[in-house]
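Observations on chain architecture
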Amino acid sequence: MISFFSKSGIHSSKALTIAVFSLYCGAAIAVDAQPQDIGKQIYLTGHTSSGEAIQAIVGGNAPVNGDQFSCVSCHRRSRLGSSEGGKQVPPLTATALFKPAQMSVTRGVLPKAFKHSGSTQIPYTDESLAKAIREGIDPTGRKLDPLMPRYILDDNNIAALATYLKTEPSSNPGVDDAALHFATVVTEGVDPVKRKAMLDILTGYFQDKNADTRHNTKRAKFSAYKMYQVYRKWELHVWELKGDESTWPTQLEDYYRNQPVLAMVGGLSASGWQPIHQFCEQFEVACLFPNTDVPVISESDFYTTYFSKGLTLEAETLASHLKNVNSKAKNLPIIQIYRDKGQNAVPAKALREALQKTDNFHLQDIAIADLQPLTPKFWDDQMKKLGNGILVLWLNKEDIENLNKLPSGITAVYGSANLIDEQLQKLSDTTKANLYLIYPWELPDTKEPRLMRVKSWLKSKQIPFVDEHLQANTFFSVQILGEVITHLLDNFSSAYIVERVEGMLGTLSSRSIYPHLSLGAGQRFASKGSYIVKVSHDGHLVPAEDWIVP
């Protein structure tokens, strides 16, 4: 991390806050912003301090905007490089550019296919860096690959970019000589059973990790080989957030100031994840797969990875499904019933937005007050008002267990497996006979083999299996962390952790309860679809169609 720390602690000046926010939107930044912040905006967005897109030439004669070919798109947020079209994209760390004697150590981070052959050992200067950026000529006079854009930048912006490229953190947050520090977040109001289920897995995994690596930590002290630098004791810090969500950012900053962490893993919130997500963006902390059904959906944020879009994905899946159903059902009205506050309102909004993109849909909203009890009388009154149509219920199982009778004109009822929690035994036979669920996981018959490893591990730890999805997801997320950290060598960077997750997720030996998990560069939602399943009389789930990716 570069912009957020001074010797006295967290930097909180107004100018810097504006500058940092602007890095993610390409807007003009504060007049008194520091050169390294201007350089960072150029690197990340391809925009100058005024907010204008940089002009560039690619392939010798093709003009493009710099925001189409920003530095970060190839050299990555970590500045450790990548591979593009089978060609190695070199790192742009201060060590790699300006201290070539140590270049081989920095390049040790890259897989063999990424390694650069015939590279100069002559260090860059401000002048030779400017020539490389503008003309594509390195310090030895060798032409850089035509894939490297030639940017049209004035002296001030070149100097700002050079200042940024020269900066490297003096220390790695969350890393000391003996330990790697990680955090997980639990908010007030979380079900105590869920809280314990998640923390038992994290604590048990950390204990196993430390037992496996205790000999390697001794070896690391005597070995120059970089792989041993990651073998340190793992410390888990549980950050408990209390009170109103508006106070969470301050609480998180206090925790982080007291003990910086290399990354956050898992986590559990009784409401949304927005304040935690924004904290991770601001302080550049990797956050791997929190347990939330209402993730933050952003095109530009970087540091938090999610299993899926949660309830928003379910709504978008349902919209895709209803387009096919309604084409066969003469455009029946769709009635969605939901609580007007909290997470249940999220999929209602998402379904409305998704259906608005399609012609010939009539959507009726029935919003229920947050605390109103849904008694048998409530449901009887509602059902009397309904005519023909399709019913969508963004409600919890407690809300719909008193729904016993459906009007003859209701041809189908759709609900969320996440909200109903698959506990269907309390529902009436009438409801189950017409009920379809949006189901974001592997189907039950094939999901069970995927749960064998986590169940076996839980049994060995004498941890009860009480929440299938929470425990399976937590176990998977901490396994991802373990595999990724092993591949860091001595490059302790939150940005690099996220990049390694992107590259490794589809190849991990661990199996999740989702049919398909993958993250491309810049993607933050690993599962992209859901099933629509029919609920049989005995509660068995049968897919109504193949996996839907909206």
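Scroll up to find the structure.
Now for a quick tour of the structure. Note on numbering: residues in each chain are counted from 1, in written sequence order. Local features are withheld for residues below a pLDDT of 70 in this predicted model, meaning they are given only at 70 or higher, and side-chain atom pairs are given and counted only at 80 or more; totals for whole chains, interfaces and linings count all residues. Side-chain measures were taken over the full set of non-hydrogen atoms in the model, leaving aside hydrogen atoms and water.

**Observations concerning the overall build of the protein chain**
Of regular secondary structure, the protein chain possesses 19 helices and 19 strands. Relative accessibility under 20% of the residue-type maximum defines a buried residue, over 50% an exposed one, and the middle range a partly exposed one, all with a 1.4 Å probe and only protein chains included. Counting every position in the protein chain, which comprises 550 residues, the buried fraction comes to 53%. The contact criterion used is simple: two residues touch if any of their non-hydrogen atoms lie within 4.5 Å. Within the protein chain, residue pairs in contact and separated by at least 24 positions form 60% of the contacts whose partners lie at least 6 positions apart. Here, Shrake-Rupley sampling with a 1.4 Å probe gives the accessible areas, and only protein chains in the shown set may cover a residue. Of the accessible surface of the protein chain, which amounts to about 25000 Å², a share of 51% is contributed by carbon and sulfur atoms. Runs of E in the DSSP output that reach at least two residues are strands. Runs of H or I that reach at least four are helices, and both are numbered from the N terminus.

**A word on the nonpolar core**
We call a set of buried Ala, Val, Leu, Ile, Met, Phe, Trp, Tyr and Cys residues a nonpolar core when their side-chain atoms join them within 4.5 Å. In terms of nonpolar packing, the biggest core is built from 84 residues, with Trp379 and Leu391 touching the most fellow members. Ignoring sequence-local partners within four residues, the contact set of Trp379 consists of Ile337, Leu374, Leu393, Leu395, Asp399, Ile400, Asn402 and Leu403. Ranked by size, the runner-up nonpolar core spans 29 residues in total, among them Leu92, Ala94, Ile133 and Ala162.

**With respect to the packing of helix H9 (residues 248–258) against helix H10 (residues 274–283)**
At a minimum axis distance of 9 Å, the contact between H9 and H10 shows a crossing angle of 45 degrees. As summarised for this structure, H9 and H10 are arranged oblique, according to the angle between their axes. For the pair H9 and H10, the sense of crossing is right-handed. Between H9 and H10, the residues in contact are Trp248, Pro249, Leu252, Glu253 and Tyr256 and Pro275, Ile276, Phe279, Gln282 and Phe283, respectively. Axis lines are fitted through C-alpha atoms, for helices just across the contact stretch, and the angle between N-to-C directions can take any value from 0 to 180 degrees. Angles are sorted into four bins: roughly parallel if under 35 degrees, roughly antiparallel if over 145, roughly perpendicular if 65 to 115, and oblique for all others. In a left-handed crossing the near helix is turned counterclockwise from the far helix by less than a right angle, and in a right-handed crossing that turn is clockwise.

**Focus on the pattern of salt bridges**
Any carboxyl oxygen of Asp or Glu that lies within 4 Å of a side-chain nitrogen of Lys or Arg is treated as forming a salt bridge with it. If you walk through the whole model with that rule in mind, you get 20 salt bridges. A salt bridge links Glu284 to Lys40; its shortest N-O distance comes to 2.4 Å. With Glu284 in the loop between H10 and strand E11 (286–288) and Lys40 in helix H2 (residues 35–45), this pair connects stretches of sequence that are 244 residues apart. Just as Glu284 is buried, Lys40 falls in that class too. In this structure, the salt-bridge partner of Arg257 is Asp254, at a minimum N-O distance of 3.2 Å. Of this pair, Arg257 and Asp254 both sit in helix H9, 3 residues apart, roughly one helical turn. Arg257 gets classed as partly exposed once you look at its relative accessible area, which sits at 47%. A single network of salt bridges, built from pairs that share partners, joins Arg76, Glu502 and Arg524.

**What to know about H2**
Among the 11 residues of H2, 9 are classified as buried, and the element is accordingly described as predominantly covered. Immediately downstream of H2, the backbone of Gly46 shows phi near 75 degrees, a positive value.

**Structural notes on empty space enclosed by the protein**
Here a cavity denotes a set of grid points, spaced 1 Å apart and computed over the protein atoms alone, in which a 1.4 Å probe fits but from which it cannot get out, and a pocket denotes an open set meeting protein on both sides within 12 Å along at least five of seven lines; residues with an atom within 4 Å of a point are reported as lining. Grid points are joined across faces, edges and corners, and a volume is the space filled by probe spheres set on the points. Counted according to the given criterion, the structure contains 2 cavities of 30 Å³ or more. The volume enclosed by the second largest cavity comes to roughly 40 Å³. Residue lining of the second largest cavity: His277, Val296, Ser298, Asp301, Thr304, Tyr306, Arg524 and Phe525, and that is the complete set. The classification used treats Ala, Val, Leu, Ile, Met, Phe, Trp, Tyr, Cys and Pro as nonpolar, Asp, Glu, Lys and Arg as charged, and all other residues, Gly among them, as polar. Tallied by class, residues from the lining of the second largest cavity come to 3 nonpolar, 3 polar and 2 charged.

**Some thoughts on unusual backbone geometry**
Unlike most non-glycine residues, Arg76 shows phi in positive territory, near 75 degrees. Examined against the element boundaries, Arg76 turns out to sit in the loop between helix H3 (71–75) and strand E5 (82–84). Here Arg76 falls in the buried class, since its relative accessible area comes to 14%. Of note in this structure, Arg79 is not a glycine but carries a positive phi near 65 degrees. Relative to the helices and strands, Arg79 resides in the loop between H3 and E5.

**Some details on the pairing of strand E15 (residues 389–394)**
In terms of residue burial, E15 counts as a mostly covered element, since 6 of its 6 residues are buried. A pair of strands is labelled paired if DSSP reports no fewer than 2 bridges between them. Looking at chain direction, strand E13 (residues 334–339) and E15 are connected through 5 bridges and run parallel. Paired with Ile335 across the two strands is Leu391, which belongs to E15. In terms of strand pairing, E15 meets strand E16 (residues 410–416) through 5 bridges, oriented parallel. Residue pairing for E16: Ile390 is matched across the bridge by Ala412.

**A closer look at the sheet that holds strand E9 (residues 233–241)**
With respect to topology, 5 strands assemble into an open sheet ordered E9-E8-E10-E11-E12, the strand pairing being parallel. Of all the strands in the sheet, the pair left with one neighbour each is E9 and strand E12 (304–305). Bridging between strand E8 (residues 179–187) and strand E10 (residues 263–265) involves 2 bridges; their strand directions are parallel. Opposite Phe182, over in E10, you have Ala263 as the bridge partner. Against the sheet, H9 contacts E8 and E9, and its axis sits at roughly 155 degrees relative to E9.

**Description of the sheet that holds strand E14 (residues 363–368)**
In a beta sheet, neighbouring strands pair by backbone hydrogen bonds and run either parallel or antiparallel. In spatial order, the strands read E14-E13-E15-E16-E17-E18-E19; together these 7 strands make up an open sheet with mixed pairing. What marks the edges here is a single partner per strand, and that holds for E14 and strand E19 (541–543). Neighbour-to-neighbour, the strand axes of the sheet open up by a mean angle of 25 degrees, direction not taken into account. Along the sheet face, helix H12 (residues 345–356) touches E13, E14 and E15 and points at about 155 degrees away from the line of E13.

**Quick word on the environment of Gly136**
Structurally, Gly136 is set in the loop between helix H6 (126–135) and strand E7 (150–152). In this structure, Gly136 is in contact with Lys131, Arg142, Lys143, Leu144 and Arg150, ignoring residues within four places of it in sequence.

**Re the packing of aromatic side chains**
Between two aromatic rings, the relevant description is the distance of the centres plus the angle of the planes. Stacked, tilted and edge-to-face are the three classes assigned to paired rings of Phe, Tyr and Trp, where Trp is represented by its six-membered ring and a pair needs centres within 6.5 Å; plane angles under 30 degrees give stacked, over 60 edge-to-face, the rest tilted. Throughout the structure, instances matching the rule amount to 20 aromatic pairs. Counting every residue linked through ring pairs, the aromatic cluster contains Trp239, Tyr255, Tyr256, Phe279 and Phe283. Above the ring of Tyr164, the side-chain terminus of Arg79 is found at 4.8 Å from the ring centroid. The rule is short: NZ of Lys or CZ of Arg within 6 Å of the ring centre and within 35 degrees of the ring normal puts a charge over the ring. Here the guanidinium or amino end of Arg524 rests over the ring plane of Phe302, the centre of that ring lying 4.8 Å away.

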